[in-house]
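A closer look at the structure
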Amino acid sequence: MSLLLKNRGAVLVLMLNLFLVFTGIGLVIPILPMFMDELGITGSTVGLLVAAFSLTQLLFSPQAGRLADSFGRKRMIVIGMFVFAVSEGLFGIASNPVLLFVSRMLGGVSAALIMPAVMAYAADVTTKEQRAAGMGYINAAITTGFVIGPGIGGYIAEFGIRTPFYTAAVAGLIAAVITLLILPESLPAKEGAADSASAAKQRRSLLSQLLHSYREPYFLSLVIVFVMSFGLANFETVFGLFVDHKFGFGPKDIAFIITFGSIAGAVVQVTAFSWILNRFGEKRVISVCLFFAGLFILLTLFVHKFWLIFAVTFIVFLAIDILRPAISTQMSMMAKDQQGYVAGLNSAFTSLGNIAGPIVAGFLFDVDINYPYALACMVLLICFGMSLRAGKRKLQDAPASS
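Under an unreviewed UniProt entry, the protein has the name MFS transporter and belongs to Paenibacillus oceani. Comment text from UniProt for the protein, heading Sequence similarities (unreviewed entry), reads "Belongs to the major facilitator superfamily. TCR/Tet family." Here is the UniProt Subcellular location (unreviewed entry) comment for the protein, exactly as written: "Cell membrane".

Here it is as structure tokens:
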């Protein structure tokens, strides 16, 4: 029996936690237009609200990755799930933008605690040959959360605009208790002191880690993570507002498009992602997905019928849902004994993109509702060009090193 199968129960618990976290994040997407009306906030405020989540995730991620390496993955996951439950409950009772910002910032702390620990845990319980499959399962849980979240938010909102958040808070508490009781710790006991260079690297401050990341062999992957997150954040932050203002779609319509437009991503990650990565390689898969994501985000500006919006959104989410675990797998292969540290940097660069993307998208939306998607297309296609150049450079360097 493979190592992944032996730890199937642990992987399922990890998937449950990430599913709940990203379901909670996705809940707000179809409800944002209603919140804008109820609280009288603009697109710029919505962008700042989404960015607040990512700001605290950025500030806490590298430290959380180091703590996951030092004190164990399980402890960080449990603490993160409790913080997540508090943040969702606070969002449910919020009656003004200040409380909404506090809630989203706490949500960012919870994601920072959970994500590096989960990614490091998955690396602990899989071999290099199984890494792609393990990351595919983990990212499938993230994708499914994004799929289910807007759907739940759109439909449960019929019982009250705040009901989805109370539901997420209760689910978060349940997941925290389940994790505490049944998830074994994956971090093996360390014999002796850690390598001094590795220990020094993991003690660096957030700013120092970011400034020195250009020296790492996976730096280009981190840049792609940032650009991908920036472009996707542009797309997701204003999607509900975009179709609400342009086509008059309600929460159910928005939930339907997002749910069925991205459901294929979860299926691909669980069933075919490992084969795709082994057949074509990480670099080629990353380049192709960047191209299709940028192209179909651009096409969003030119479609008007419901089924065309559905089809274009479907391709965008499918490309992103393959791209995300491909990059995670690539960096995990390079991380060796620093899985928590690299997962923390991955989360930090994701947060940088998720901070800049929503802020820019919100301000551009107030100027012209088409501008955020035009920018998202541009940055993703630029990143596609970067990935092609990096691939050519590696091919040119290969004969010299052989």
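Still more ground to cover, so stick around.
1. A look at the packing of helix α5 (residues 73-93) against helix α6 (residues 97-124)
At a minimum axis separation of 8 Å, α5 and α6 run at an interaxial angle of 155°. One way to sum up the angle between α5 and α6 is to call them roughly antiparallel. Viewed along their axes, α5 and α6 form a crossing whose handedness is left-handed.

2. Observations concerning the packing of aromatic side chains
The description of two aromatic rings rests on the distance between their centres and on the angle between their planes. Considering all chains together, one arrives at seven aromatic pairs under this definition. Ring geometry for Phe226 against Phe230: centres 6.4 Å apart, planes inclined by 40°, an arrangement best described as tilted. Of this pair, Phe226 and Phe230 are both found in helix α11 (residues 219-247), four residues apart, which corresponds to roughly one turn of the helix. Residue classification places Phe226 among the partly exposed residues on the basis of a relative accessible area of 28%. Residue classification places Phe230 among the buried residues on the basis of a relative accessible area of 10%. With 6.0 Å between their ring centres and 90° between their planes, Trp275 and Phe280 make a pair best called edge-to-face. One aromatic cluster is present, formed by Phe291, Phe292, Phe296 and Phe384 through successive ring pairs. Sitting above the plane of the Phe280 ring, Arg279 keeps its charged end 5.0 Å from the centroid.

3. Considering α6
Helical geometry note: an α-helix holds 3.6 residues per turn, so side chains three or four residues apart project in the same direction. For α6, built from 28 residues, the straight-helix expectation of 40 Å at 1.5 Å per residue is met to within 8% by its first-to-last C-alpha distance of 41 Å. Taken across its 28 residues, α6 has 20 buried, putting it largely inside the fold. Of the residues that open α6, the one with a side-chain oxygen 3.0 Å from the backbone nitrogen of Val98 is Asn96.

4. With respect to the confidence of the model for the protein
Summary statistics for the protein give a mean pLDDT of 77 and a share of 82% for residues scoring 70 or more. Per-residue pLDDT stays below 50 along residues 1-5; that stretch engages in 13 contacts with residues further than four places along the chain or on separate chains. Contacts for the low-pLDDT stretch residues 397-402, under 50 throughout, to residues beyond four places or in other chains number zero contacts.

5. A few points about a nonpolar patch on the surface
Taken together, Leu16, Phe82, Val170, Leu173, Ile174, Val177, Ile178, Leu180, Leu181 and Ile182 make up a surface patch of nonpolar side chains, about 860 Å² in accessible area. Examined against the element boundaries, Leu173 turns out to sit in helix α8 (residues 163-182).

6. Considerations on the side chain of Thr23
On the secondary structure map, Thr23 appears in helix α2 (residues 8-27). Only 2.6 Å separates the side chain of Thr23 from the backbone oxygen of Phe19, close enough to count as a polar contact. Sequence-distant contacts of Thr23, that is, excluding residues within four places in its chain, are made with Gly145, Gly149 and Ile152.

7. Let's talk about the nonpolar core
Judged by nonpolar contacts, the single largest core of 105 residues is most densely connected at Leu18 and Met81. Per-element tally for this core: the top contributor is α11, with 14 residues. Apart from the residues within four sequence positions on either side, Met81 is in contact with Asn17, Leu20, Val21, Ile114, Gly172, Ala175 and Ala176.

8. Overview of the pattern of salt bridges
Taken as a whole and assessed by the stated rule, the structure comprises one salt bridge. Between Arg104 and Glu88 there is a salt bridge; the shortest N-O distance is 3.1 Å. On the criterion of sequence distance, the pair formed by Arg104 in helix α6 and Glu88 in helix α5 is long-range, its members being 16 residues apart. By relative accessible area, Arg104 is classed as buried at 5%.

9. Some points on the environment of Lys305
Take Lys305: it is sitting in the loop between α14 (282-299) and α15 (306-335). Along the backbone, Lys305 and Phe247 are 58 residues apart, and their C-alpha atoms lie at a distance of 9.2 Å.

The rules we used
- Residues numbered from 1 in each chain as written.
- Predicted model: local features only at pLDDT ≥ 70, side-chain atom pairs only at ≥ 80, totals over all residues.
- Heavy atoms only, no water.
- UniProt positions renumbered as here; feature names shortened; annotations may be inferred.
- Axes fitted to C-alpha atoms, helices over the stretch in contact; angles between N-to-C directions.
- Helix = DSSP H or I, 4+ residues; strand = E, 2+ residues; numbered from the N terminus.
- Parallel < 35°, antiparallel > 145°, perpendicular 65-115°, else oblique.
- Left-handed = near helix turned anticlockwise from the far one by under 90°.
- Phe/Tyr/Trp six-rings, centres within 6.5 Å; stacked < 30°, edge-to-face > 60°.
- Buried < 20%, exposed > 50% of the residue type's maximum accessible area, 1.4 Å probe, protein only.
- Lys NZ or Arg CZ within 6 Å of the ring centre and 35° of its normal.
- Expected span 1.5 Å × (residues − 1).
- Polar contact = N/O pair within 3.5 Å; in protein donor to acceptor, adjacent residues only side chain to side chain.
- pLDDT = per-residue confidence, 0-100.
- Contact = heavy atoms within 4.5 Å.
- Patch = residues over 30% accessible without salt bridge, like charges linked within 9 Å, V, L, I, M, F, W, Y side chains within 5 Å.
- Areas by Shrake-Rupley, 256 points an atom, 1.4 Å probe, with all protein chains shown as cover.
- Salt bridge = Lys/Arg side-chain N within 4 Å of Asp/Glu carboxyl O.
- Core = buried A, V, L, I, M, F, W, Y, C linked by side-chain atoms within 4.5 Å.

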